[in-house]
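The lines below spell out each chain.
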Amino acid sequence: MLRLTRTTAALIALLAIMPVRAQSMDPVAASSLMIIDPAVIGDATTPPKRDVWTFKHLIDQMRGGEDAGRFVVAWLRQFTETKRINGLDVAARGAFRSSFIDLWKHRDGLPAGATDEEWAGQLKLENAPLRLSAIAYRPDLFKGKLENGCLRDVQSAGEGRLIFQAVDAAGGPQPFTVIFEYGLVADEPSSLIEWAKRWHKLASLTAGSDAYLDELAAITRGFTDANPALERPNNVALNQLRTNEFFGPPWELREFKLGAGGGLSMDTVKVNAELSFDGKDSLVRFLNDLAARDPQASKPLVIPSIWEGEPFLAGSAIAQSPAFKWTANGADPAALARMSLSSCNGCHTGETGTLFIHVDLGAVAARLSDFLVGDGQPVDCSGPPRAGAGDLEARQCLMIALATATEDALDCARPSTLDSIGTGPVVMSLPGTVSATEATGFNLTDFMANRVDRVH
C-alpha cells in the first residue's frame, strides 16, 4: 500500500478540490488514437480482452533469451539504487521498494524480506501489480521530411504505445505509470500511409466486437512482437520505456532503453534539460541560440548532452509542482515555450495544465487530461487548429489525411501532392452518432511547420 507522505497527502487534497469536468472524446479518436474502453482494455476486475496486451506478453517479447525474472528484477532494481546518468547522480527512489516491489513479491508468494535474487527465480509476470490503462497511436511522431509538398526520407510511421498504471493490493490506482513506446516501422511514404489506414479502419468497427479486437490485436502485434528481420536489440521495435512515478517526493519521470545486451537500462530523458538549469543564464543562452539557429522551429528540438561544459540532458525529469514551468528571463519566448512544452516535466505539469498524468485510471478529476481532449467540441479538420482543440484533434486530422491519401499523392512527379490530401469528406460507417469525418482543407505542410516536438 502507498505510504502517505506530506507531499502525497497534499497532492490528494489538491485532486479532491479540482473541478470535475465531463469529458467527450471523438468516436474516431476513441477507437483509433486513444483506446481506453473497458470493452477493449479491461477494468479493475477483468484483464485486457486479448492476452497480447498484457504486461507479460510485452516483456516476453522483448527479453530475448533472458530469464523473465532476472530481466524484470534488473530493471526494477535501478529504481532502488543511485544511478550515474550523463555525469549526473539520479537518486534512488526511497519508497519504490515498499510501494511496488514488495507488493509484487507478496503476489508471488514471497515475503518482503526475500532477496531480489530469490525473487528473480520465482517471479511471475502475470502477477505484476500493473493494469493496462490505454492503447495509443501517435501519428504525429512520424519521421520524414516534407519538401515542396512531397514526403521524403520516411524513417518511421510514428509510435504505438501501451500504457500501464500500478495498482495496490485492493486494485486501487497508484501514482506510477509504465509506458511501452514502440516505433511503427516504415521506410517509405506508402508504409506510413498503410499504418494510418489500419488504425483508421478501427473506427468503422464496433469497439469490443471480435472483429475490432482481432484487428487491433493484429495491429499491435505488428510493433510489439519480436521480428527476426528487425535489426534492433532482441529484434523488438521498442523506442523507449518511460515511467512516471510519485511514491515519494519529488515526482519523477525516467526513460529506459533496450540495450545491445538485451536488458532495460536507464538512459537520459530526451528533450528534457537538467532541472538545475532552470532560471540560469546558461539556459537563456541556449534558448536564444536555438531561436537564432531555428527561428521557424522547423527542425526537431534537440537538448544536447553537454552545454557550456556542463551535463545538460537530464538523467531524470523532476516535476517540482503541478504548476511547474521552465523559466529563463531574457530568453526568446517562443523558444522557451517550445522547450518547456517538449520536456517531460513541462508537458506533465504547468505547460499543459496537467496533474502529472495524461491518462489516469483513478479518474479523480478526469480520465484524460484537458491537453488531450480540449473543450470537447466536434472535431474540425477544415483549417488551422482551432482555439480550445485538444491534442487528439490534431492527431486525428493527421491520421485521416494520411489514411485517405491516394497513390497520386505519393508520386511527387505528378501535380497532386501531400499538400492537398484530404480534399473531400471522408465518409465512414461508424457506430454511434458520427457518420462522417471532414478532412477538407487539411494541409500537411502547415501541420509539419507548426507542430511542437511532442515526445510524450
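Numbering of residues starts from 1 in every chain and runs along the sequence as written. Per-residue local features are limited, in this predicted model, to residues with pLDDT of at least 70; the limit for side-chain atom pairs, both in listing and counting, is 80 or more; totals at the level of whole chains, interfaces and linings are taken over all residues. Excluding hydrogens and water, the side-chain values take into account all heavy atoms of the structure.

(A) Examining the packing of aromatic side chains more closely. Any two of the Phe, Tyr and Trp rings considered here, Trp counted by its six-membered ring, make a pair once their centres fall within 6.5 Å; the pair's planes then place it as stacked at under 30 degrees, edge-to-face at over 60, or tilted in between. Per the stated rule, a full pass over the model turns up 29 aromatic pairs. Ring geometry for tryptophan 195 and phenylalanine 223: centres 6.4 Å apart, planes at 55°, overall tilted. With a gap of 28 residues between them, tryptophan 195 in helix α8 (residues 189–201) and phenylalanine 223 in helix α9 (residues 210–224) connect regions that are remote in the sequence. Each residue is placed in one exposure class: buried if its accessible area under a 1.4 Å probe, protein chains only, is under 20% of its type's maximum, exposed if it is over 50%, and partly exposed if it falls in between. Its relative accessible area of 10% is what places tryptophan 195 among the buried residues. On the basis of relative accessibility, which here comes to 1%, the residue phenylalanine 223 falls in the buried class. Here phenylalanine 277 and phenylalanine 312 contribute two aromatic rings whose centre-to-centre distance is 4.7 Å and whose plane-to-plane angle is 75°, an arrangement assigned as edge-to-face. In this pair, phenylalanine 277 sits in the loop between β10 (264–267) and α10 (281–293) while phenylalanine 312 sits in the loop between β12 (310–311) and β13 (317–319), placing the two residues 35 residues apart along the sequence. As far as the burial class goes, phenylalanine 277 and phenylalanine 312 line up, both buried. In this text, helices come from DSSP runs of H or I with a minimum length of four residues, and strands from runs of E with a minimum of two, each type numbered from the N-terminal end.

(B) Structural view of the pairing of strand β6 (residues 150–167). Most of β6 sits out of view: 15 of its 18 residues are buried. What makes two strands pair is DSSP finding at least two bridges between them. Of the strand pairs in this sheet, strand β4 (residues 130–138) and β6 are connected by 8 bridges, and their pairing is antiparallel. The partner of isoleucine 135 across the bridge, within β6, is leucine 162. Looking at chain direction, β6 and strand β7 (residues 173–185) are connected through 9 bridges and run antiparallel. Its bridge partner lying in β7, arginine 161 is registered against glutamate 181.

(C) Main features of the nonpolar core. We call a set of buried Ala, Val, Leu, Ile, Met, Phe, Trp, Tyr and Cys residues a nonpolar core when their side-chain atoms join them within 4.5 Å. Of all hydrophobic cores here, the largest spans 87 residues; its most connected members are Trp53, Phe55, Met62, Trp75, Phe180 and Trp199. Among the elements that line this core, the one with the most residues is β6, at 7 residues. Throughout, a residue-residue contact means that at least one pair of heavy atoms, one from each residue, lies within 4.5 Å. Aside from chain neighbours lying at most four places away, what touches methionine 62 is Phe71, Phe180, Tyr182, Asn234, Val236, Leu238, Leu258, Gly262 and Leu264. Counting residues in hydrophobic clusters, the runner-up holds 23 residues, among them Leu290, Phe312, Ile318 and Ala331.

(D) Seen up close, helix α5 (residues 68–77). Of all 10 residues that make up α5, 7 are buried, and the element is covered over most of its length. Among the residues making up α5, those that are buried are Ala68, Gly69, Phe71, Val72, Val73, Trp75 and Leu76. For the purposes of these results, a polar contact is taken to be a pair of N or O atoms within 3.5 Å, where, inside protein, one atom must be able to donate a hydrogen and its partner to accept one; residues adjacent in sequence count only when each atom of the pair is a side-chain atom. N-capping of α5 is provided by aspartate 67, with a side-chain oxygen placed 3.0 Å from the backbone N of glycine 69.

(E) Structural context of the packing of α8 against helix α14 (residues 391–403). For helices, the fitted axis covers only the stretch in contact; all axes are lines through C-alpha atoms, and the angles between them, taken along N-to-C directions, range from 0 to 180 degrees. Between α8 and α14, the shortest axis-to-axis distance is 8 Å and the interhelical angle comes to 115°. With respect to α14, the axis of α8 lies roughly perpendicular. Here the hand of the crossing between α8 and α14 comes out left-handed. Here α8 contributes Leu192, Ile193, Ala196, Lys197, Trp199 and His200 to the contact with α14, which in turn contributes Met399, Ile400, Leu402 and Ala403. Under the scheme applied, nonpolar residues are Ala, Val, Leu, Ile, Met, Phe, Trp, Tyr, Cys and Pro; charged residues are Asp, Glu, Lys and Arg; polar residues are all the others, including Gly. Here the contact of α8 with α14 is composed, by residue class, of 8 nonpolar, 1 polar and 1 charged. The cut-offs work like this: below 35 degrees is roughly parallel, past 145 is roughly antiparallel, 65 to 115 is roughly perpendicular, and the gaps in between are oblique. Crossings are classed by handedness, with left-handed meaning an anticlockwise turn of the near helix from the far one by less than a right angle and right-handed meaning a clockwise turn.

(F) Structural detail: the side chain of aspartate 116. With respect to the secondary-structure elements, aspartate 116 resides in helix α7 (residues 116–122). With a relative accessible area of 10%, aspartate 116 lands in the buried category. Setting aside chain neighbours within four positions, we find aspartate 116 in contact with Val73, Arg77, Arg97 and Lys105.

(G) Inspection of the state of the cysteines at higher detail. In plain terms, two cysteine sulfur atoms within 2.5 Å form what is called a disulfide here. One pass over the structure, following the stated rule, counts 1 disulfide. Covalently, cysteine 381 is tied to cysteine 397 through a disulfide, its sulfur atoms 2.0 Å apart. Sign of the S-S torsion, about -90° for the bond between cysteine 381 and cysteine 397, identifies this disulfide as left-handed. On the criterion of sequence distance, the pair formed by cysteine 381 in the loop between α13 (370–373) and α14 and cysteine 397 in helix α14 is long-range, its members being 16 residues apart. On the basis of relative accessible area, cysteine 381 is assigned to the buried category, the value being 1%. With relative accessibility at 5%, the residue cysteine 397 sits in the buried group.

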